[in-house]
Amino acid sequence: MSGLQAGPDSSEEPKPGKARTELRNYTEGKLIDRVYNTYLLMHTHQTVEFVRRKSAQYGSCSLRRMSVMEALELLDQLVDESDPDVDFPNSFHAFQTAEGIRRAHPDKDWFHLVGLLHDLGKVLVLFGEPQWAVVGDTFPVGCKVQKSVVYGDSTFHDNPDTKDPRYSTEYGMYQPGCGLDNVLMSWGHDEYMYQVMKFNNFALPKEAFYMVRFHSFYPWHAHGDYGHLCSEEDERMLPWVRELNKFDLYTKQEELPDVQQLRAYYQGLIDKYCPGQLCW
């Protein structure tokens, strides 16, 4: 499916289960030690070499075959250790996000499906990857770490790329305005799910692929960093990423959705846009 000509219709932010100031709080809270340790490991080991190795390992989508709904059921077993806001399985978050989008954009069924799909790449944890190589905010490797990267001032001291002159300048190994499509992002569920969608030819607009690929790139879409690497196409896509982010962040509620009641609707979307057994 080709891309859309206009950006998303504006919508009100959903009412979160917590005050907005309490969301993405990385300084205090009952989960903070777990969260910090996940980011410390991530920022120590996510290097250019590591990302290239993981991209080669998973890019062929030859690990297993399963449907979207089967992948969602696997996320019943996953609690994201980088998330300071919730301590329940990620499968519920998928339905919360999708339902928030559905209420705000009832005419865009493909966008509802994006809400359901956006974190499916976290199945990598169930395939044996450590959480630091799957979850959390993403950032470009191969260039200087920007200030808005979570715990960026205290977690990169043992990352060898920060001491490599090829990778430690503002642009590092990139050219000005090269576009995010040409930037190597830290490896995780965003890039993996994007590769799965592309490999299996999901019949979705390119905005859907883009939102999934960069929804965890908070330093860019929430804080405005790394703009020196972005292209005009990235700027055109930014409102879509921000629109998804509203629902990714603000629909997190301790009150969990009735998944059985919702399955039939979302199975219909899966059958329409990405049916059957897929390669993962």
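Going by the structure above, here's the rest.
1. Details of the overall build of the protein
Piece 1. Counting its secondary structure elements, the protein contains eleven helices and two strands.
Piece 2. The order of helices and strands in the protein, counted from the N terminus, is α-α-β-α-α-α-α-α-α-α-α-α-β.
Piece 3. Buried residues in the protein amount to 58% of all 280 residues.
Piece 4. Taking all contacts inside the protein whose residues are at least 6 apart in sequence as the whole, residues at least 24 apart take part in 82%.
Piece 5. For the protein, the accessible area works out to roughly 12200 Å², and carbon and sulfur atoms hold 49% of it.

2. Some remarks on the pattern of salt bridges
Piece 1. Tallied over the full model, the rule gives 14 salt bridges.
Piece 2. Here Glu-49 ties to Arg-53 by a salt bridge, and the two come within 3.1 Å at their closest N and O atoms. In this pair, Glu-49 and Arg-53 are both assigned in helix α2 (residues 48-58), four residues apart and thus about one turn of the helix distant.
Piece 3. Accessibility expressed as a relative area gives 48% for Glu-49, which makes it partly exposed.
Piece 4. For Arg-236, the salt bridge is made with Glu-233, and the minimal N-O distance between the two is 3.2 Å. Taken as a pair, Arg-236 and Glu-233 lie in helix α10 (residues 232-250) at a separation of three residues, close to a single helical turn.
Piece 5. Judged by its relative accessible area of 29%, Arg-236 falls in the partly exposed class.
Piece 6. In this structure Glu-233 comes out as partly exposed when scored by relative accessible area, which is 31%.
Piece 7. Taken together, the shared-partner salt bridges connect Lys-206, Glu-207, Glu-233 and Arg-236 into one network.

3. Section: empty space enclosed by the protein
Piece 1. For the structure on display, the rule yields three cavities of 30 Å³ or more.
Piece 2. When its volume is computed, the second largest cavity comes out at roughly 40 Å³.
Piece 3. The set of elements that each furnish at least two residues to the lining of the second largest cavity consists of α7 (189-199) and α8 (206-214).
Piece 4. The element best represented in the lining of the second largest cavity is α7, accounting for three residues.
Piece 5. Partitioned by chemical class, the residues of the lining of the second largest cavity number three nonpolar, four polar and three charged.

4. Remarks on unusual backbone geometry
Piece 1. A positive phi angle, near 50 degrees, is found at Cys-61, a position not held by glycine.
Piece 2. Mapped onto the elements, Cys-61 comes out in the loop between α2 and β1 (65-66).
Piece 3. Cys-61 gets classed as buried once you look at its relative accessible area, which sits at 4%.
Piece 4. Its identity as a non-glycine residue notwithstanding, Tyr-226 has a phi of 65 degrees, on the positive side.
Piece 5. Along the chain, the position of Tyr-226 falls in the loop between α9 (218-221) and α10.

5. Concerning the packing of helix α5 (residues 109-117) against helix α11 (residues 259-273)
Two quantities define a packed helix pair, namely the angle between the axes and the distance from one axis to the other.
Piece 1. Look at α5 against α11: their axes get within 10 Å of each other, and the N-to-C directions meet at 105 degrees. Classified by the interaxial angle, the pair formed by α5 and α11 is roughly perpendicular. On α11, the residues touching Asp-109, Trp-110, His-112, Leu-113 and Leu-116 of α5 are Tyr-265, Tyr-266, Leu-269, Ile-270, Lys-272 and Tyr-273.
Piece 2. Of the residues belonging to the contact of α5 with α11, the class tally is eight nonpolar, one polar and two charged.

6. What to know about the environment of Phe-202
Piece 1. Relative to the elements of secondary structure, Phe-202 occurs in the loop between α7 and α8.
Piece 2. With sequence-adjacent residues up to four places away left out, Phe-202 is seen in contact with Val-68, Leu-117, Met-193, Val-196, Met-197, Phe-209, Tyr-273, Cys-274 and Leu-278.

7. Description of the packing of aromatic side chains
Piece 1. This structure, assessed with the given rule, holds 16 aromatic pairs.
Piece 2. Summarising the aromatic geometry, the rings of Phe-95 and Tyr-266 are spaced 5.8 Å apart at their centres and angled 80 degrees between planes, so their arrangement reads as edge-to-face. Here Phe-95 is found in helix α4 (residues 90-104), whereas its partner Tyr-266 is found in helix α11, with 171 residues between them in sequence.
Piece 3. According to the relative accessible area criterion, Phe-95 is buried, its value standing at 3%.
Piece 4. Residue classification places Tyr-266 among the buried positions, given a relative accessible area of 0%.

Cut-off values and rules
- Residues numbered from 1 in each chain as written.
- Predicted model: local features only at pLDDT ≥ 70, side-chain atom pairs only at ≥ 80, totals over all residues.
- Heavy atoms only, no water.
- Helix = DSSP H or I, 4+ residues; strand = E, 2+ residues; numbered from the N terminus.
- Buried < 20%, exposed > 50% of the residue type's maximum accessible area, 1.4 Å probe, protein only.
- Contact = heavy atoms within 4.5 Å.
- Areas by Shrake-Rupley, 256 points an atom, 1.4 Å probe, with all protein chains shown as cover.
- Salt bridge = Lys/Arg side-chain N within 4 Å of Asp/Glu carboxyl O.
- 1 Å grid on protein atoms, 1.4 Å probe; cavity = no way out; pocket = protein on both sides within 12 Å on 5 of 7 lines; lining within 4 Å.
- Points joined across faces, edges and corners; volume = space filled by probe spheres on them.
- Nonpolar A, V, L, I, M, F, W, Y, C, P; charged D, E, K, R; others polar.
- Axes fitted to C-alpha atoms, helices over the stretch in contact; angles between N-to-C directions.
- Parallel < 35°, antiparallel > 145°, perpendicular 65-115°, else oblique.
- Phe/Tyr/Trp six-rings, centres within 6.5 Å; stacked < 30°, edge-to-face > 60°.

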